[in-house]
Amino acid sequence: MTPPLYTTREAARLAGISRARVNELARQGRCGQQLEGGGWVFSDADLAVLRQVRPPGNPNLAEDRKRRWPAV
């Protein structure tokens, strides 16, 4: 059985990053396989790489939200 391959859109959704970031990492050679037509496909191993480069979150954004919302 052939392991599943994912499109750029699917890989971005599953990894929690933007399609632009997925394409950037693929062009850098960090993940993915380029198709003859110029598109990219990603394996489960590639998804693991994409998940590792995902930032853990933006704590400053959470602080900004706290400041904007009035206390109840």
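Here the structure is a predicted model, which means the values were calculated and not measured.

The helix and strand tally for the chain stands at four helices and two strands. Taken from N to C terminus, the helices and strands of the chain fall in the order α-α-β-β-α-α. Buried residues in the chain amount to 22% of all 72 residues. Of the contacts formed within the chain by residues at least 6 apart in sequence, a portion of 49% connects residues at least 24 apart.

This next bit is on the nonpolar core. The biggest cluster of nonpolar side chains holds 13 residues, and the ones touching the most others in it are Ile17, Val22, Phe42 and Leu50. Those elements that place two or more of their residues in this core are α1 (8-15), α2 (19-27) and α3 (44-53). Ignoring anything within four residues of it in the chain, the contact list for Leu50 reads Ala11, Ala15, Ile17, Val22, Leu25, Cys31 and Phe42.

Mapped onto the secondary structure, Asp46 falls in helix α3. Among residues more than four places away in sequence, those in contact with Asp46 are Cys31, Gly32 and Val41.

It is the contact of α1 with α3, at a shortest axis distance of 9 Å, that shows an interaxial angle of 50 degrees. Considering their axes alone, α1 and α3 lie oblique with respect to each other. The element α1 and its partner α3 pack so that their crossing is right-handed. Across the interface between the two elements, Ala11, Leu14 and Ala15 from α1 touch Leu47, Leu50 and Arg51 from α3. The class makeup of the residues in the contact of α1 with α3 is five nonpolar, no polar and one charged.

Analysis parameters
- Residues numbered from 1 in each chain as written.
- Predicted model: local features only at pLDDT ≥ 70, side-chain atom pairs only at ≥ 80, totals over all residues.
- Heavy atoms only, no water.
- Helix = DSSP H or I, 4+ residues; strand = E, 2+ residues; numbered from the N terminus.
- Buried < 20%, exposed > 50% of the residue type's maximum accessible area, 1.4 Å probe, protein only.
- Contact = heavy atoms within 4.5 Å.
- Core = buried A, V, L, I, M, F, W, Y, C linked by side-chain atoms within 4.5 Å.
- Axes fitted to C-alpha atoms, helices over the stretch in contact; angles between N-to-C directions.
- Parallel < 35°, antiparallel > 145°, perpendicular 65-115°, else oblique.
- Left-handed = near helix turned anticlockwise from the far one by under 90°.
- Nonpolar A, V, L, I, M, F, W, Y, C, P; charged D, E, K, R; others polar.

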